[in-house]
Amino acid sequence: MKKNVAKITLTAALVVLSTMAFGCKGKTSNGAGWKKGTPSATIIKEAAEAGKVGNWGLGNEYEILALLAKYNLPTSYLSQAFDMDGFDDDTIALASAMTYNELGLVQNSYDGGYKYGDSVGTIDMNDEGVAMMEDNIFTTKRFAKENPNTVKAFLAASIKGWEAACANPEEAAEICYKYGSSVSAGHQLHMAKEVKKLCETDTKGARVTDYCSFDMDAMQQTLDIAKKYVKLSDAAAGEKFASFTLSDILDSSYLEAAKASDFGKPEKSSVKIQLKWLPDAQFMGYYVALDKGYYKDAGLDVTIVPGGGDIAETTAVYTGQVDFGVTWVTNLAVADAGGMDLVEIAQVFQKSGLVLVYKYKD
């Protein structure tokens, strides 16, 4: 979750071409890329054979490995930095990008953008059948058992926040910016609009109206891919990981009760949620719920704790520094294999936000 770092300053030197020079990043014209209409299979094969597929390798790589394996290609990739300079200078031909973050930076001209516009194409993990579920809400099994009303109240208010944020992403972007945005206002708006899509569309492209629900087929696909590609150094943890079923890592009962308003007074009224990264619209539902008083209405005093740096959201929840957290399904399963005993209680993103971006040939 990673690495949602917006590139703010120009770090690449001017690229001097044989015919003309460009004094801004983006729009390099050295013949790199593929013609529009080139099949995805061809692009993936050619980029992989050239050793020019990039990824951050921080838990995002499993979809890439599954994609390469789908086409019987070697499962290796270039280590990608947290900006898109490698894509810009053609070191990486197929670069990993989250739709709400890096792809927006590649396409747009707002602060930190590379200004490629519609001169780039994407390969979508959902379309390729290798999507893995990302942002969810989790807690410890012990906290949920001891504070069921708190968990249900928190979910009820959070879902209301996500519904409001998706109904008005422009307002949600402004609220996120107000609470200490880590990106520019323009990029914040882009993020909010793209995150809305992740909340309201499933991996098959169907409309989702039941916010934060569990698509068990998508969840199972995530777990299956993780089991195939996650390698744990501890043998006992690896054996436990391999044995996991969905019932070991998630519990939908709290979500069902929250949506039915079937809960009483929270056992613990003051709670914290640990984000996976810095404040931005990736987490807009929580900021909207806080700003509009939804948590207060549910009897909760909620503190939103930004992530980033060396902060591990799973560890923060496990050690009791916070009560709830935002993570990806694979991260939670790995943590549980190591003995953390965490449980997912809501699935916010309904499809993968990961794409591979490439340039079109002029």
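All values reported here derive from a predicted model rather than from experimental measurement.

Some remarks on the sheet that holds strand E10 (residues 324–327)
Then, in step 1: Judged by pairing direction, the sheet is mixed, and its 5 strands sit side by side in the order E9-E8-E10-E7-E11 without closing on themselves. The sheet is open, and its two edges are formed by strand E9 (301–305) and strand E11 (342–347), each paired on a single side. Recorded for the sheet is a direction-independent mean angle of 30° between the axes of neighbouring strands.
Then, in step 2: Examined bridge by bridge, strand E7 (residues 136–140) and E11 share 5 bridges and lie antiparallel to one another. Residue Ile 137 lies in a different strand from E11, and its bridge partner there is Ala 346.
Then, in step 3: Relative to E11, helix H16 (residues 329–337) is tilted by about 165°, and along the sheet it contacts E7, E10 and E11.

Observations concerning the pairing of E10
Then, in step 1: Burial along E10 is two-sided: the face carrying Phe 324 and Val 326 and the face carrying Gly 325 and Thr 327 are both buried.
Then, in step 2: With 3 bridges connecting them, E7 and E10 associate as antiparallel partners. Across the sheet, residue Phe 138 finds its bridge partner in E10, namely Gly 325.
Then, in step 3: Pairing of strand E8 (residues 270–274) with E10 involves 2 bridges; the strand directions are parallel. When the sheet's bridge partners are listed, Gln 274 is paired in E10 with Gly 325.

Quick notes on the environment of Gly 86
Then, in step 1: If you trace the backbone, Gly 86 turns up in helix H3 (residues 85–88).
Then, in step 2: Expressed as a C-alpha distance, the spacing of Gly 86 and Lys 52, which sit 34 residues apart in the sequence, is 9.9 Å.
Then, in step 3: For Gly 86, the residues in contact, after removing those within four places along its chain, are Thr 91 and Ile 92.

As for the nonpolar core
Then, in step 1: Core analysis: the biggest nonpolar cluster contains 103 residues, and Leu 94, Phe 154, Leu 155, Trp 162, Met 284 and Tyr 286 have the highest contact counts within it.
Then, in step 2: Sequence-distant contacts of Phe 154, that is, excluding residues within four places in its chain, are made with Ile 137, Val 271, Ile 273, Tyr 295, Leu 300, Val 302 and Phe 324.
Then, in step 3: Membership of the second largest hydrophobic core comes to 14 residues, among which are Leu 103, Tyr 110, Tyr 114 and Val 357.

A few points about the pairing of strand E12 (residues 354–359)
Then, in step 1: Within E12, 6 of the 6 residues are buried, which leaves the element mostly enclosed by the surrounding structure.
Then, in step 2: With 4 bridges joining them, strand E5 (residues 95–98) and E12 adopt antiparallel strand pairing. Along E12, the bridge assignment pairs Ala 95 with Val 357.
Then, in step 3: The pairing of strand E6 (residues 120–124) with E12 spans 5 bridges and is classified as antiparallel. Within E12, the position partnered with Val 120 by the bridge is Lys 359.

Quick look at unusual backbone geometry
Generally, phi is negative for residues other than glycine and the peptide bonds are trans, each holding for most cases.
Then, in step 1: Residue Cys 212 is not a glycine yet carries a positive backbone phi of 65°.
Then, in step 2: With respect to the helices and strands, the residue Cys 212 is situated in the loop between helix H8 (185–200) and helix H9 (216–229).
Then, in step 3: Even without glycine at this site, Ser 261 takes up a positive phi of about 55°.
Then, in step 4: Inspection of the secondary structure assignment puts Ser 261 in the loop between helix H12 (253–259) and E8.

Topic: the sheet that holds E6
Then, in step 1: Strand order in the open sheet made by the 3 strands is E5-E12-E6, with antiparallel pairing throughout. The sheet terminates laterally at E5 and E6, the two strands that pair on one side only. Averaged over all neighbouring strand pairs, the angle between strand axes comes to 40°, with direction disregarded.

Thoughts on the side chain of Thr 140
Then, in step 1: Within the fold, Thr 140 resides in strand E7.
Then, in step 2: One polar contact links the side chain of Thr 140 to the main-chain amide nitrogen of Phe 143, over a distance of 3.0 Å.
Then, in step 3: Non-local contacts of Thr 140, meaning those with residues more than four positions away in its chain, are made with Val 317, Tyr 318, Asp 341, Leu 342 and Val 343.

What to know about the environment of Tyr 77
Then, in step 1: Inspection of the secondary structure assignment puts Tyr 77 in the loop between helix H2 (61–70) and strand E4 (78–79).
Then, in step 2: For the pair Tyr 77 and Ser 40, spaced 37 residues apart in the sequence, the C-alpha separation amounts to 17 Å.

Here we look at the state of the cysteines
Then, in step 1: Taken as a whole, this structure holds 0 disulfides when the rule is applied.
Then, in step 2: Just so you know, Cys 176 is unpaired, no disulfide at all, and the nearest cysteine sulfur is the one on Cys 166, 11 Å from it.
Then, in step 3: Taking the relative accessible area as the measure of exposure, Cys 176 reaches 0% and is therefore buried.
Then, in step 4: Left unpaired, Cys 199 is separated from the closest cysteine sulfur, that of Cys 166, by 4.2 Å.

Details of helix H1 (residues 40–49)
Then, in step 1: Those residues of H1 that sit buried are Ile 43, Ile 44 and Ala 47. Looking down the long axis of H1, one finds its buried residues gathered within 95° of arc, a one-sided arrangement.
Then, in step 2: Contact partners of the buried residues in H1: H2, E6 and E12.
Then, in step 3: Looking one or two residues past H1, Gly 51 carries a phi angle of roughly 70°, positive in sign.

Things to note about the pattern of salt bridges
Side-chain pairing between opposite charges can occur once the charged atoms of the two side chains come close.
Then, in step 1: Under the definition given, this model contains 13 salt bridges.
Then, in step 2: Linking Glu 194 and Lys 197 is a salt bridge whose minimum nitrogen-to-oxygen distance equals 2.9 Å. Note that Glu 194 and Lys 197 are positioned in helix H8 at a spacing of 3 residues, about one turn of the helix.
Then, in step 3: Judged by its relative accessible area of 16%, Glu 194 falls in the buried class.
Then, in step 4: With a relative accessible area of 42%, Lys 197 lands in the partly exposed category.
Then, in step 5: Notably, a salt bridge pairs Arg 207 with Glu 200, separated by 2.9 Å at the nearest N-O pair.
Then, in step 6: Looking at Arg 207, the relative accessible area reads 59%, which means it is exposed.
Then, in step 7: One salt-bridge network, in which partners are shared between bridges, spans Lys 196, Glu 200 and Arg 207.

Cut-offs and rules
Residues numbered from 1 in each chain as written. Predicted model: local features only at pLDDT ≥ 70, side-chain atom pairs only at ≥ 80, totals over all residues. Heavy atoms only, no water. Pairing = 2+ DSSP bridges. Helix = DSSP H or I, 4+ residues; strand = E, 2+ residues; numbered from the N terminus. Axes fitted to C-alpha atoms, helices over the stretch in contact; angles between N-to-C directions. Contact = heavy atoms within 4.5 Å. Buried < 20%, exposed > 50% of the residue type's maximum accessible area, 1.4 Å probe, protein only. Core = buried A, V, L, I, M, F, W, Y, C linked by side-chain atoms within 4.5 Å. Polar contact = N/O pair within 3.5 Å; in protein donor to acceptor, adjacent residues only side chain to side chain. Disulfide = S-S within 2.5 Å. Arc of directions from axis to C-beta. Salt bridge = Lys/Arg side-chain N within 4 Å of Asp/Glu carboxyl O.

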